[in-house]
Structures are given as C-alpha cells and as structure tokens.
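# Report on the structure
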Amino acid sequence: MLTSIYCEKLSRRFLTFNEGLNTILGPRSGANSIGKSSVLYLIDFVFGGTSFIEKCADVIDRKGHFNVYATFQFNDICYRFSRNTESPNEVLFCVEDSKKSIEEFRTFLFQSYGFSNGEPSFRNLTSRFVRIWRKGNEDPEHPLHSVPSEKYSDIKDFLIKTFGYSDVFEEMNDSKKKQDALKSSIDSAIKQGVIVKAGKREAKALEKELHEINDKINFIKNDLTGYINNIEEIINERNLELVKEKSELLETKSSICNKILRLESNLNYTNPINEKYFYKLTEFIPSINIERIKEVEGFHSGIAKILKDKIKEELNSLQLQLDEVESALKEKTDIINLSVGIIDKPTQVVTDILTLTVRKKDIESIIAYTKLKEKVDGDVKEIKENINDKIKETLDSIENLINDAVGSICAKIYPEGKLYPNLKLGERSYVFEHFNDSGTGKSYSDLMALDLAMLSITSLPILIEDSIMFKNIESQTNEKIIDAFLKNPKQIFIAMDQLSLLTEKTRSALRRSSFMRVSRKMPAFGELWNLKG
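Residues numbered from 1 in each chain as written. Predicted model: local features only at pLDDT ≥ 70, side-chain atom pairs only at ≥ 80, totals over all residues. Heavy atoms only, no water.

With that out of the way, let us pick up the overall build of the protein. For the protein, the helix and strand inventory stands at 17 helices and 13 strands. Considering the protein as a whole, with its 533 residues, one finds that 43% of them fall into the buried category. When contacts within the protein are restricted to residue pairs at least 6 apart in sequence, those whose partners lie at least 24 apart make up 69%. (Helix = DSSP H or I, 4+ residues; strand = E, 2+ residues; numbered from the N terminus. Buried < 20%, exposed > 50% of the residue type's maximum accessible area, 1.4 Å probe, protein only. Contact = heavy atoms within 4.5 Å.)

Before going further, it helps to examine empty space enclosed by the protein. Throughout the structure, instances matching the rule amount to one cavity of 30 Å³ or more. Here the largest cavity defines a volume of roughly 50 Å³. Examining the composition of the lining of the largest cavity, we find that three residues originate from one element, strand β5 (residues 77-84), more than from any other. In the lining of the largest cavity, the residues fall into six nonpolar, one polar and one charged. (1 Å grid on protein atoms, 1.4 Å probe; cavity = no way out; pocket = protein on both sides within 12 Å on 5 of 7 lines; lining within 4 Å. Points joined across faces, edges and corners; volume = space filled by probe spheres on them. Nonpolar A, V, L, I, M, F, W, Y, C, P; charged D, E, K, R; others polar.)

Here we come to the pairing of strand β11 (residues 462-465). With burial as the criterion, each face of β11 is covered, one bearing Ile462 and Ile464 and the other bearing Leu463 and Glu465. When strand β8 (residues 130-131) meets β11, the two strands line up parallel, connected through two bridges. Each bridged residue has a counterpart across the sheet, and for Arg131 the counterpart in β11 is Glu465. Sheet analysis places β11 next to strand β12 (residues 491-496), joined by four bridges and oriented parallel. Residue pairing in the sheet places Ile464 in a bridge with Phe493 of β12. (Pairing = 2+ DSSP bridges.)

The next thing to look at is the sheet that holds strand β6 (residues 90-93). As summarised here, the arrangement of the six strands in space is β2-β1-β4-β5-β6-β7, forming an open sheet in which the pairing is antiparallel. Each edge of the sheet is formed by a strand with only one pairing partner; in this case those strands are β2 (14-16) and β7 (98-101). In this sheet, neighbouring strand axes are inclined to one another by 25 degrees on average, regardless of whether the strands run parallel or antiparallel. Sheet analysis places strand β4 (residues 67-74) next to β5, joined by eight bridges and oriented antiparallel. By the bridge assignment for β5, Gln73 is matched with Cys78. Packed on one face of the sheet, helix α1 (residues 36-46) meets β1 (2-6), β2, β4 and β5 and runs near 60 degrees to β4. (Axes fitted to C-alpha atoms, helices over the stretch in contact; angles between N-to-C directions.)

Once that is clear, we can look at the pattern of salt bridges. Summed over all chains, the structure comprises 20 salt bridges. Two residues, Arg123 and Asp44, come together in a salt bridge whose shortest N-O distance is 3.0 Å. Of this pair, Arg123 sits in helix α5 (residues 122-126) while Asp44 sits in helix α1, placing them 79 residues apart in sequence. Under the relative-accessibility criterion, Arg123 is labelled buried at 13%. Across the pair Lys55 and Glu54 runs a salt bridge, and its minimum N-O distance is 3.7 Å. Given a relative accessible area of 18%, Lys55 falls into the buried group. (Salt bridge = Lys/Arg side-chain N within 4 Å of Asp/Glu carboxyl O.)

The next thing to look at is the sheet that holds β11. As a general point, the strands of a sheet are linked pairwise by backbone hydrogen bonds and lie either parallel or antiparallel. One open sheet accounts for five strands, arranged β8-β11-β12-β3-β13; its pairing is parallel. Strands with a single pairing partner mark the edges of an open sheet, and in this sheet they are β8 and β13 (514-517). In this sheet, β13 lies alongside strand β3 (residues 21-25) in parallel orientation, the contact comprising three bridges. Note that in β13 the partner of Thr23 across the bridge is Ser514. Sheet contacts for helix α14 (residues 440-457): β8, β11 and β12; angle to β11, the most-contacted strand, approximately 165 degrees.

Once that is clear, we can look at the side chain of Glu138. For Glu138, the position within the fold is in the loop between β8 and α6 (152-162). It turns out Glu138 is buried and unbridged, and the closest side chain with the opposite charge, Arg131, is 7.2 Å from it. A distance of 2.8 Å separates a polar atom in the side chain of Glu138 from the backbone nitrogen of Arg134. There is a polar contact of 2.6 Å between the side chain of Glu138 and the backbone nitrogen of Gly136. Discounting chain neighbours no more than four positions away, the residues touching Glu138 are Ile132, Trp133, Tyr444, Leu447 and Met469. (Lys, Arg positive; Asp, Glu negative; His and termini not counted. Polar contact = N/O pair within 3.5 Å; in protein donor to acceptor, adjacent residues only side chain to side chain.)

What follows is about the nonpolar core. Core analysis: the largest hydrophobic core is formed by 98 residues, its most contacted members being Leu2, Ile43, Phe52, Leu159 and Phe485. At eleven residues, the largest contribution of residues to this core is made by helix α13 (residues 347-413). For Phe485, the residues in contact, after removing those within four places along its chain, are Leu21, Met448, Leu452, Leu463, Glu465, Phe470, Ile492 and Ile494. With twelve residues, the next largest nonpolar core counts Leu210, Leu356, Ile363 and Ile367 among its residues. (Core = buried A, V, L, I, M, F, W, Y, C linked by side-chain atoms within 4.5 Å.)

Right, dumping it as structure tokens:
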C-alpha cells in the first residue's frame, strides 16, 4: 500500500496514509480552487497515472517542475520511488538508485498488489475508478468507461480479464487467429490467381465434367488391353507437366507467327501514309520514333525506306524467337514421344489420355480448393459464433456478480424500499439503470455503490473519489457511504468539505482519516493564483 508522499511544492510537504479511508479535508464553505483535486491527481500520479501533467498544468506553470517521492509497503518491506513532472515517463527506483520506465514501475505495482496473469494491466483497472473533477470518467450513466470515447469492445475485454475469464477465451482466440490467417492466405491466393475457386453452379458443372472425364479415361483403359500395363507410365507427373509446357509454347508460337504475318503485310505497303496512322506503328514497332520521322526531310520519299528497315529488323528478331520456340517444341515432343514409346503406341490415344488427365487434375484442384475455402469460411464463422455465445454467457455471469455486490452495498447505504441500480451488459453496449429515481444525487450514490462493489469483488487496490462526487448526494446517504469506506480495508482516497452538513460522528471519523487540510488561507500548493492581484 501507499504509505507516504513527499513533495516540497505542497504546503504540507509530507503526507502519510493508512489502510482504509484517507481524506483531504476542505473548508466548511465548500470553497473550490484550493487544490483538493490537484492533490488527488498527485496521488494518482504516484500510482503511475498521467492526468496530473495535463489537468494540473496550472500548478506546473506556477510552481515549476518538481519531484514527487512516494513510499510503498508490501509484505513489511518499504520501497521508495521518485517521479518528476518534467520527465513523467521515467521513475527513479531509490533503493536501486536506477531509473526505469513508467511501464516497468506499473509492472512493479501489478506484481506487488498481487495481480494475476490474465488480469488487465494495473492502470487499465485502477484508472477507471480514479474519479477526479475533469478527468472524464465521472459520468454516473457510464461508470465503466475509462474515458468517454472508449469502445465497448475494450470495456468487455476489461471485464473478462478482471473477473478471471481470459483463459476461457485464450484457446478460442488462438484457434480463431489460425483460421483467420488460413482464410486470409486462401483469399489472397485466389485474388492473385495462384489458385482457382468455383462458385456453387460452376462447382456442380465441374463435378459433372470430372465424372465424364473419368468415364472417358476408363473407356480408353478398357479398350487398350494391349497397352494397359503402360497406362501409369503414360500419365506420370513429368508427362503432365511437359504437356502443359508444350501447350504454352504453342500459344507463344501462334502469337509470334501472327506478328510476323502482320509485319510482312506492312513491309509491302509503300503508298504514302497518312499521319494519323503513325501512332499505330507502335503496336508493331514499340521503339519507333514518330516525331523523328516527321522531321526527316523529304518525308514522303524517305518514309518507305525507314519503315522497311525497322520492319525488317523486327522481323529478324521475331524469326529468332520463333526458331527458339520451335526448337523447344521439338525437344518437348521428343521427350514425350520417348517416355511413352510413341513408336509402339497410337499417337491420338496418348494425346487423349494426357489431355484428359491434365484437365482432370485441374478440375480436382479447383474442386479441392473450393471445398477447402468453404470449410475454412465455415470454421471461421462457427468460431466467431462460439466466441460470441461464450462472451454473452460470461457477461451474464459478470453482470450477476456485480449486481449482487452492488445490492449488498446499497442495502447498507439506502433506506428500506429504495430501488437499487442495475447493470446490464449487452452485446454492443451497457446500461447502468437507475430506474425511476434518476436524479443527480441518486445517480452519484449509485456510482459510489458500484465503485465499492468493484473494490470488494476484484483485484482493484484503490479508489479515488473527488468532493464533486459527494456534493450532489444528500447528507444522510453520504454518511452511509463514508461509513462503508471506513469499513473497507483497501485504500480509499477522497476529498471532502462542508463537514457541517454531517453528524459529529462522521466528522470525527473524517478528521481521524485526514492526511491534509486545505483552505483559502492554506491552499494545497501554498498560494492561490485564481484571484486578481
């Protein structure tokens, strides 16, 4: 627990704290702007918070940057730390005389306060229940928000971890990540054309075609009794690959031959050429310089020679490519003929078997990937549904735990017959229901009841409640809330003023729990800077 703070900028430099309730007391008048909230922000600062730097910028502007020293005690061992407002991301571990990051300090607090693996971080839990004026989480309608803009998905994650259900979802989320990764890989491969997926109608057509191909192959096998022993050799994987390569070469050869025919036709075309056709030449001769042709003197007489030279040059290049393709085709054909013993076997039969088998393997691949995609998509959907069902079941359990605890607190602070608030954790949002009594005072006392409930049933180590939280609550209820604070063994830090509205018994208890008193004569930081000079 936190045992003390030392800050030379405070009017009372050394503050000591105890278990249970710790109070900073203000004047009877309830005067504001004397530093109560700033001191609470300073306490939050030594618990690893960051709000002091922004919300108390006026203190830093007036007093300059300063060190804050804090002493914690865990298992009868004292630990001292120092944090400076100018470099808030560093913390001095005084015993070790070493500076560490703020995250390392928060990890120290996480471990020292006995948080378990799988629980939310120290700040994720505590910051929600540090309710100081202007911090942004004082809204009694949204008591679980750390900041007003927080997403409900983050709040659900916080609740699941806080109440020890994170392990339940760890395996499910791991499975979901793996399936999502597999789904993403398949979708990417389909998008890039690496694999082919068929729609439902196309898949049925392909299955029908596959059935027909199998019938044809079986017919050939049954009809060629003399070659039945060589069927496996004919359709071996190497031959299938060679057939694909030969098909690609034939397509390339056809393309080159078409280009040659078009160029030879243009070679004989010697009539004057209209300028609008110049740019079409780039389709056949990408490197031709049209602008240069326009500038050549005697264009109408010289164009034929220039074109013929360029076309002949391109024809020579294409002829070389064609020779290479035909050579490769002959090589593939020879290898296929050699491997299947073409001299002893009918050419058409071999071609039919290879062609049908290649198509068969393509169809089987498409069908296999289509079924795989359907299965993976189905698995991802099922996992998501299971997770959503489990989240709903878990939130229902958490909701009941919190409402039972809130009910126990309300039974102590409300008179008999008063409606208790009720937390409803939905799928997309939550509601903190005050029922027919939604006045400001009741809403804030409901919020206090929720905070006390969370303090009792979770690892939450502290509460910080500003005076603004009490000012809208009727005095009788405030006394019951303070009594509940006094009975809780965990540390609670509050700011309180207008003690004259409370009974002497409660005033005495608050004085005994006080660690500092402030007023206009004795403001928290030694001076007031909100008055005209």
